[in-house]
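# Tertiary structure, described
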Amino acid sequence: MTMSARGQGKGGGVLEKPVIERTTPGRESEFDLRKSKKMAPPYRVMLHNDNYNKREYVVQVLMKVIPGMTVDTAVNIMQEAHYNGLAVVIICAQADAEEHCMQLRGNGLLSSIEPASGGC
């Protein structure tokens, strides 16, 4: 918003009508997009142990579904889920967490999401 005053001296000037900057309908401003990304709470994608899938298969699915997942990280996640019944796969934005969860489920693994307390 831009405002300017007409007239000289101390006060008494007349303010012009403010100019309001608008975005195209249906589009958010760049500031709004950055703000929404920063404000989105993180979610955990959880892997649950099951008695059906072989450990090697779980590692393969984790590497296929989660971008950048290494063999070592996938093995550690699989082992944690196997021994503790549950493991955190990744912490990310809710939309991404829902997508990863559905992909894990689509490959026969037991998965869920939950809000992550704290930050990424």
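Before reading further, recall that the structure is shown in the block above.
Let me sum up the structure you'll find in this document. (Residues numbered from 1 in each chain as written. Predicted model: local features only at pLDDT ≥ 70, side-chain atom pairs only at ≥ 80, totals over all residues. Heavy atoms only, no water.)

## Topic: helix H4 (residues 94-106)
Working note: α-helix, 3.6 residues per turn, so residues spaced by three or four point in the same direction. Let me state the cut-off plainly: Strands here mean DSSP runs of E at least two residues long; helices mean DSSP runs of H or I at least four residues long; both are numbered from the N terminus. Every helix has an expected span of 1.5 Å times one less than the residues it contains. Any residue under 20% of the maximum accessible area for its type is buried, any over 50% is exposed, and the rest in between are partly exposed; the area is computed with a 1.4 Å probe on protein chains only. As used here, the arc belongs to the directions running from the helix axis to the C-beta atoms. A contact between two residues is defined here by any heavy atoms of the two lying within 4.5 Å.
For H4, with 13 residues, the first-to-last C-alpha span of 18 Å sits near the 18 Å given by 1.5 Å per residue. All of the buried residues in H4 are Ala 97, His 100, Cys 101 and Leu 104. One face of H4 carries all of its buried residues, which in axial projection span an arc of 100 degrees. Across H4 from its buried face, at more than 90 degrees, point the exposed residues Ala 95, Met 102 and Gly 106. Contacts from the buried residues of H4 go to strand S3 (42-48), helix H2 (55-65), strand S4 (86-93) and strand S5 (110-115). Count one or two residues on from H4 and you reach Gly 108, which has phi positive near 90 degrees.

## Looking at the pattern of salt bridges
Operational definition: Salt-bridge detection follows one rule: a side-chain nitrogen of Lys or Arg within 4 Å of a carboxyl oxygen of Asp or Glu.
All told, the structure shown has one salt bridge when counted by the stated rule. Here Arg 44 makes a salt bridge to Glu 114, at a shortest N to O gap of 2.9 Å. Here the residue Arg 44 occupies a position in strand S3, and Glu 114 occupies one in strand S5, the gap between them amounting to 70 residues. We classify Glu 114 as partly exposed; its relative accessible area is 31%.

As far as function goes, none of this settles anything; it's purely spatial.
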